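Chain residues, written in single-letter form:
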There are 4 protein chains.
Amino acid sequence: MVELGFNVHRTTGAAQTILAGVGTPEHFDVAEFKVLDGVHDAYRISSPYKLAGRNFRPEGTKIKFPNGVVVGGEEVVIMSGPCSVESREQILLSAKQVKAAGAKFLRGGAYKPRSSPYSFQGMGVEGLKLLREVADETGLLVITEVMEISQIEVMLPYIDCFQIGARNMQNFNLLRELGHVRKPCLLKRGIAATIEEVLLSAEYILSGGNYDLILCERGIRTYETYTRNTMDISAIPVLKKLTHLPVFGDPSHGVGIRDLVPSMALASVAAGADGLLMEMHPNPDKAMSDGAQSLYPEQLEKLVAQLRQLAPVVGRKIA
Amino acid sequence: MVELGFNVHRTTGAAQTILAGVGTPEHFDVAEFKVLDGVHDAYRISSPYKLAGRNFRPEGTKIKFPNGVVVGGEEVVIMSGPCSVESREQILLSAKQVKAAGAKFLRGGAYKPRSSPYSFQGMGVEGLKLLREVADETGLLVITEVMEISQIEVMLPYIDCFQIGARNMQNFNLLRELGHVRKPCLLKRGIAATIEEVLLSAEYILSGGNYDLILCERGIRTYETYTRNTMDISAIPVLKKLTHLPVFGDPSHGVGIRDLVPSMALASVAAGADGLLMEMHPNPDKAMSDGAQSLYPEQLEKLVAQLRQLAPVVGRKIA
Amino acid sequence: MVELGFNVHRTTGAAQTILAGVGTPEHFDVAEFKVLDGVHDAYRISSPYKLAGRNFRPEGTKIKFPNGVVVGGEEVVIMSGPCSVESREQILLSAKQVKAAGAKFLRGGAYKPRSSPYSFQGMGVEGLKLLREVADETGLLVITEVMEISQIEVMLPYIDCFQIGARNMQNFNLLRELGHVRKPCLLKRGIAATIEEVLLSAEYILSGGNYDLILCERGIRTYETYTRNTMDISAIPVLKKLTHLPVFGDPSHGVGIRDLVPSMALASVAAGADGLLMEMHPNPDKAMSDGAQSLYPEQLEKLVAQLRQLAPVVGRKIA
Amino acid sequence: MVELGFNVHRTTGAAQTILAGVGTPEHFDVAEFKVLDGVHDAYRISSPYKLAGRNFRPEGTKIKFPNGVVVGGEEVVIMSGPCSVESREQILLSAKQVKAAGAKFLRGGAYKPRSSPYSFQGMGVEGLKLLREVADETGLLVITEVMEISQIEVMLPYIDCFQIGARNMQNFNLLRELGHVRKPCLLKRGIAATIEEVLLSAEYILSGGNYDLILCERGIRTYETYTRNTMDISAIPVLKKLTHLPVFGDPSHGVGIRDLVPSMALASVAAGADGLLMEMHPNPDKAMSDGAQSLYPEQLEKLVAQLRQLAPVVGRKIA
């Protein structure tokens with residue numbers, strides 16, 4: 001331990017001795033101590049992230065968007081729209097419907113990560129252009145997923161917020177590049193990521209100088225198969241405690257079943273979420289992807305009305 | 001399949017043939033079909049529980065308790081108290097505090113299931129007597145955990161509701177005996193139980209003729225270690241859809257960290273819970289078990305006040 | 001910490017202070033320290049089990065059975081037979097087949113824990129008598145599952161080893177009673193039990209004075225659905241390191257698919273298992289339970305022949 | 001269903017009707033059927049991967065490497081070396097040691113995916129050059145991890161096999177690019193990937209025309225914390241059944257604890273693995289990453305000697 005740059009403090013008990021290393025060596029792995037002869041166990045006590053920690057900005061991070069929308073303040077912000085951009089008609093109608101319901105952001109995938117190479121992969125740059133057009137037409141902001149470093153430059157002119165999907169939460173090269181961009185990002189929790197890993201991935205982006213970062217709980221993989229994922233609602237208040245970054249909930253991916261989405265959206269805001277990301281499709285039964293978890297337009301409208309009533313119970317309001 | 005008593009229907013496609021078995025054979029295991037030569041996969045399509053299914057009582061089950069409290073109706077019912085009964089003073093003070101906060105039931109363990117044989121195991125029948133005494137004194141009902149068949153008779157005179165703990169959710173002999181009792185039960189989800197298994201365990205109790213059964217989500221085991229368990233809030237609306245039985249949430253065991261309990265209690269009710277089971281201790285720092293997840297009395301009081309505001313948003317009120 | 005009976009040692013660093021409590025207070029819960037103001041995190045460093053620890057008997061526990069079979073020595077012991085006793089013919093034929101293959105124990109359930117109350121529940125005491133009869137006739141020992149305290153006395157005259165199923169691994173009242181019996185037990189790992197919890201449950205039996213205990217890995221519940229469970233082969237060498245108790249593998253429940261059982265049996269012995277518990281049925285396609293995971297008699301025979309070749313590679317032989 | 005291009009077959013029972021869709025529509029999501037009114041549940045019966053399926057090449061895929069090494073044949077192939085390339089001395093000594101032990105491939109990371117941005121990130125192209133040099137000097141092949149599309153071209157001149165790490169198993173853009181390369185790849189199972197998802201990711205590479213692909217089990221994330229991951233040994237025989245591609249085991253990441261690696265390596269080969277990927281470091285206590293799971297040189301040597309004895313039991317030999 002001394003070799004690694006620690007100051008060592010010794011505590012001796014009847015049956016064992018505890019060595020505490022104090023200091024901040026650059027490189028060390030706590031597992032290396034676990035395997036030493038005579039060592040029963042070893043723990044890392046200080047947290048391995050710095051810029052993402054609540055202490056770094058105890059008052060919380062507020063992210064200001066072009067049209068005056070603020071994420072991380074008193075207002076709970078709704079982002080909604082279809083899983084994929086499919087056509088001008090579809091995305092324009094979606095935009096009008098989410099705007100009418102009360103959303104501030106239009107979501108919609110132009111590049112789609114799909115488990116199978118034979119599934120629909122998105123419209124690409126054509127989709128980005130449509131998103132920008134209809135968002136401007138309806139007075140919304142645009143959030144869409146970036147999957148690859150080469151897409152960053154392409155996307156910049158068209159969007160207001162980069163979405164980093166669950167499968168890319170540990171695509172460290174992508175995260176590092178997004179740290180150098182001056183555009184807000186929303187980072188989704190990986191399907192098997194611990195809360196600490198979410199914060200370490202956030203650290204990749206923050207350490208590049210991009211502080212406009214939103215975190216998003218979207219369901220984790222467990223043994224339960226009834227729902228698509230198990231939405232870890234407790235991650236919302238836990239993250240709010242550990243970090244200064246705004247925290248969203250994505251109930252659509254969280255449970256994957258349309259009729260459960262409203263309950264989980266209400267639960268997310270009750271638990272302290274700063275916003276919601278939800279899939280809505282003008283005609284979910286014809287959607288090219290994620291139809292089963294997309295709300296009908298009238299469900300979204302009814303839900304936002306309920307959220308308006310619920311938000312004040314936890315000291316918030318709907319933007 | 002014919003030997004098992006199925007009528008078999010055949011569907012032939014280009015690359016495979018589907019055989020559908022129709023009927024209700026007593027004994028069969030879908031896994032047995034999976035391993036046959038030439039079989040790609042096999043599924044059970046009808047649900048294996050009957051009495052627990054929503055169809056059996058589409059209007060929902062309402063359970064009436066002695067003092068007029070109804071579980072499963074419009075009112076959300078609060079059950080609270082310490083993890084263990086420790087002394088007359090402690091449980092009397094607890095009863096007064098939970099009553100003042102708005103709870104209808106006093107909880108408290110007389111028999112404690114503990115992972116380690118060296119942990120405090122409960123006061124036994126002495127604890128049961130204290131629970132009854134102080135509940136009568138304060139106008140509360142009593143719920144406490146039953147661990148063993150031999151305890152059922154002992155407990156009957158003292159309690160209003162049997163609690164079946166997560167570790168006993170598949171103690172089928174115990175469940176079967178409780179099916180023959182005429183006293184309500186609350187069945188907690190096992191730490192790794194699927195929603196279907198919860199309903200099959202419920203079926204053991206219902207099939208004995210005891211229909212006064214409450215189900216309770218209390219957190220499942222996942223890879224995340226920050227919280228004690230991962231509370232599966234989505235299980236609440238899922239169970240409400242699949243079964244007619246009332247569904248509670250137990251945020252204390254769900255997350256295991258006091259300061260997260262209020263957020264998870266609010267989320268549970270927002271998601272449709274019929275009631276809450278929560279640990280409160282007059283002095284959590286001195287509690288003999290579960291102190292870390294027990295609310296302070298003033299936290300419970302503040303929380304119930306918030307719940308009173310939230311319940312109407314989802315068409316409910318606090319009992 | 002002082003109030004709880006610890007001697008406290010303090011280590012002060014630039015950013016935080018570490019307090020180490022030395023001593024052995026009877027009751028304390030490490031989680032209680034985690035929630036105190038100003039505490040970042042808390043760990044328990046000494047292990048919470050004592051009699052089960054490797055240190056207690058560094059040379060390892062050897063269990064001697066009536067006919068000279070020793071579990072925990074150089075020999076790897078095979079236990080096999082059908083999931084359930086179904087009839088005299090079925091269990092006699094099973095006994096002859098497992099004996100011929102090289103097994104030393106006949107397994108077979110007389111009392112069956114079944115998720116559904118409508119599934120076959122076992123033959124009860126009639127099944128116990130048949131097990132004893134055919135085992136004596138063929139020169140085998142008997143292992144069968146105990147589900148309930150009241151069954152212990154009933155079973156004692158008929159069996160050589162109690163099997164405690166995964167669902168009862170934390171049925172602490174049952175464990176405590178089995179600690180007072182003078183007959184070996186085999187304790188299966190619960191479906192979501194940690195290795196530490198297995199050892200704590202073992203401690204319940206050992207602390208009653210019954211040291212003839214075998215532990216058994218039988219698959220844990222994960223998100224993977226292709227296999228019935230995920231067999232945690234690494235639990236075998238981990239347990240061998242942490243405890244002096246013999247450790248078995250149960251590949252039948254571990255994977256639940258007949259054709260994978262031989263590979264997992266070989267893997268278990270390669271990883272250091274002291275024995276195997278495997279389901280075999282004279283006619284798996286007609287089995288009343290677990291047919292899909294039961295080996296054909298000829299598969300068992302071929303497998304044991306392979307195991308005889310493999311065992312010497314890891315310094316063992318087949319009994 | 002008809003709109004999607006299915007031929008529909010109807011099976012009517014007393015309580016429900018089953019509709020079977022036959023045909024091969026391009027785009028559909030089984031979840032969309034689950035949410036329709038009146039639908040109890042829906043299943044996809046044909047497998048969603050084609051080129052990766054065992055049927056596509058029933059005899060199995062053999063991959064031929066420059067120096068005559070064949071992966072997927074009778075011989076079990078060992079790949080070993082340090083987690084990271086740290087210096088010329090370190091990697092040359094490593095190469096000599098793994099060669100002496102019997103390995104055919106030298107592994108070592110030049111680009112390192114690290115959870116924290118503050119951990120050592122690898123030597124980059126300098127590391128690639130060192131790998132090639134010392135491999136040529138010692139007569140070994142080179143396998144190393146590719147994290148990013150832009151690295152593919154850079155790496156091509158220096159390596160014999162691309163390794164795709166667990167975190168990139170669903171980095172679909174990277175997979176698609178590697179499908180267009182004519183160089184073998186080894187694809188690691190994601191930390192929470194199902195077996196079906198592994199095969200769908202394989203399909204991305206195969207569908208680009210690159211058939212020289214090895215799959216690798218390296219541990220999945222479960223609730224158990226004693227080991228770094230839970231190595232799913234059963235995935236090896238399952239994959240061997242479902243696909244024609246060779247399947248490796250990586251016990252180093254599988255368990256993350258040096259002293260468990262030999263047991264898990266033996267178990268992998270006993271269960272049918274075509275090869276092993278294992279970390280070894282000349283001086284694990286000084287390693288810059290993964291020291292705790294790296295074997296000592298003498299451990300590797302002893303292990304390979306044991307593997308030579310074990311392989312014939314399952315009809316194989318060590319290359």
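Everything here concerns the structure above.
A brief structural summary. Throughout this document, residue positions are counted from 1 along each chain, in the order its sequence is written. Ligands are numbered from 1 and chains lettered from A, in the order in which they are written. A pLDDT threshold of at least 70 governs which residues receive local features in this predicted model, and a stricter bar of 80 or more applies before side-chain atom pairs are shown or counted, although totals over entire chains, interfaces and linings include all residues. Excluded from the side-chain calculation are hydrogens and water; included are all heavy atoms of the structure.

**So, the pattern of salt bridges**
Pairing is possible between side chains of opposite charge, provided their charged atoms come close. Operational definition: Any Lys or Arg side-chain nitrogen located within 4 Å of an Asp or Glu carboxyl oxygen qualifies as a salt bridge. Where helices and strands are cited, they refer to DSSP runs of H or I of at least four residues and of E of at least two residues respectively, numbered from the N terminus.
This structure, assessed with the given rule, holds 52 salt bridges over all chains. Between lysine 240 of chain B and aspartate 274 of chain B there is a salt bridge, with its nearest N and O atoms 2.6 Å apart. On the criterion of sequence distance, the pair formed by lysine 240 of chain B in helix α7 (residues 235–242) and aspartate 274 of chain B in the loop between α9 (261–270) and β12 (275–279) is long-range, its members being 34 residues apart. Linked by salt bridges that have partners in common, Arg189, Glu217 and Asp232 of chain A together with Glu224 of chain B make up one network.

**A word on the relation of the copies chain A and chain D**
Put simply, the second copy of the chain is the first one after a rotation about an axis and a shift along it. Just so we agree on the cut-off: Fitting of the copies onto one another was done by least squares over C-alpha atoms, counting residues only where both copies have pLDDT of at least 70.
Taken as rigid bodies, chain A and chain D are interconverted by a rotation of 180° and an axial shift of 0.0 Å, the fit giving an RMSD of 0.0 Å. In short, the pair behaves as if placed about a two-fold rotation axis. In terms of proximity to the rotation axis, the leading residue of chain A is alanine 192 of chain A, whose C-alpha is 2.9 Å off the axis.

**Some details on the pairing of strand β8 (residues 161–164) of chain C**
Residues and elements named next belong to chain C. Stated formally: Each residue's exposure class comes from its accessible area (1.4 Å probe, protein chains only) as a fraction of the maximum for that residue type: buried when under 20%, exposed when over 50%, partly exposed otherwise. Paired strands, as defined in this entry, are two strands with at least two bridges between them according to DSSP. For crossovers, right-handed means that the path from the first strand over the helix to the second runs clockwise, given strands pointing away from the viewer.
Every second residue of β8 is oriented toward a common face, with Cys161 and Gln163 on one face and Phe162 and Ile164 on the other, all of them buried. Pairing analysis gives four bridges linking strand β7 (residues 141–146) to β8, with the strands arranged parallel. Bridge pairing in β8 links valine 146 to isoleucine 164. Tracing the backbone out of β7, into helix α4 (residues 149–155) and back to the parallel element β8 gives a crossover that is right-handed. Assessed by its sense of winding, the connection that carries the chain from β8 through helix α5 (residues 172–179) to strand β9 (residues 185–188) is right-handed.

**Topic: empty space enclosed by the protein**
A probe matching the size of a water molecule, rolled over the atoms, marks out where space remains unfilled. As a reminder, the rule being used: Grid spacing is 1 Å over the protein atoms alone, the probe is 1.4 Å, and a cavity is where that probe fits but cannot get out, while a pocket is an open set with protein on both sides within 12 Å along at least five of seven lines and lining residues have an atom within 4 Å of a point. Grid points are joined across faces, edges and corners, and a volume is the space filled by probe spheres set on the points. Side-chain classes are defined by residue name, with Ala, Val, Leu, Ile, Met, Phe, Trp, Tyr, Cys and Pro counting as nonpolar, Asp, Glu, Lys and Arg as charged, and the others, Gly among them, as polar.
Throughout the structure, instances matching the rule amount to one cavity of 30 Å³ or more. Considered as a void within the structure, the largest cavity measures approximately 160 Å³ in volume. Taken together, 17 residues form the lining of the largest cavity, with Thr222 of chain A, Arg221 and Thr222 of chain B together with Arg221 and Thr222 of chain C sitting closest to its centre. Split by residue class, the lining of the largest cavity holds nine nonpolar, four polar and four charged.

**Describing the relation of the copies chain C and chain D**
As a reminder, the rule being used: Contacts are assigned to residue pairs that have any heavy atoms within 4.5 Å of one another.
In screw terms, the move from chain C to chain D is a rotation of 180° and a rise of 0.0 Å along the axis, fitting with an RMSD of 0.0 Å. When the interface residues of chain C are mapped onto chain D, 100% of them are again interface residues, pointing to one common binding face.

**Here's the deal with the interface of chain C and chain D**
For clarity, the cut-off: Summed over both partners, buried area is the accessible surface (1.4 Å probe) that two parts give up on being assembled.
Counting residues at the interface gives 36 residues for chain C and 36 residues for chain D. Here chain C meets chain D over a buried area of about 2,800 Å², counting both sides, of which 69% is carbon and sulfur. Counting the surface chain C buries against chain D, the share from its top three residues, Tyr223, Tyr226 and Val313 of chain C, is 23%. The interface formed by chain C and chain D includes two salt bridges. Taking the shortest distance from any N to any O, the salt bridge between glutamate 224 of chain D and arginine 189 of chain C comes out at 2.8 Å.

**A look at the interface of chain A and chain D**
Counting residues at the interface gives 49 residues for chain A and 49 residues for chain D. Carbon and sulfur atoms supply 50% of the area that chain A and chain D bury against each other, a total of about 3,800 Å² over both sides. Joining chain A to chain D, the criterion identifies two salt bridges. Notably, a salt bridge pairs arginine 221 of chain A with glutamate 197 of chain D, separated by 2.7 Å at the nearest N-O pair.

**Some words on the side chain of arginine 132 of chain B**
By the element assignment, arginine 132 of chain B lies in helix α3 (residues 125–138). The contacts of arginine 132 of chain B, once residues within four sequence positions are left out, are Leu140, Val142, Pro157, Tyr158, Ile159 and Asp160 of chain B.

**Some thoughts on the side chain of lysine 188 of chain B**
On the secondary structure map, lysine 188 of chain B appears in strand β9 (residues 185–188). Residue contacts for lysine 188 of chain B: discarding those within four places in its chain leaves Gln163, Ile164, Gly165, Ala166, Met169, Cys216, Arg218, Asp250, His253 and Leu277 of chain B.

**Focus: the packing of aromatic side chains**
Using the following cut-off: What counts as a ring pair is set by centres within 6.5 Å for rings of Phe, Tyr and Trp (its six-membered ring), and what kind of pair is set by the plane angle: stacked under 30 degrees, edge-to-face over 60, tilted for all other angles. Geometrically, a charge over a ring is one whose NZ (Lys) or CZ (Arg) sits within 6 Å of the ring centre while staying within 35 degrees of the ring normal.
For the structure on display, the rule yields 12 aromatic pairs over all chains. Sitting above the plane of the tyrosine 118 of chain B ring, lysine 50 of chain C keeps its charged end 4.6 Å from the centroid.

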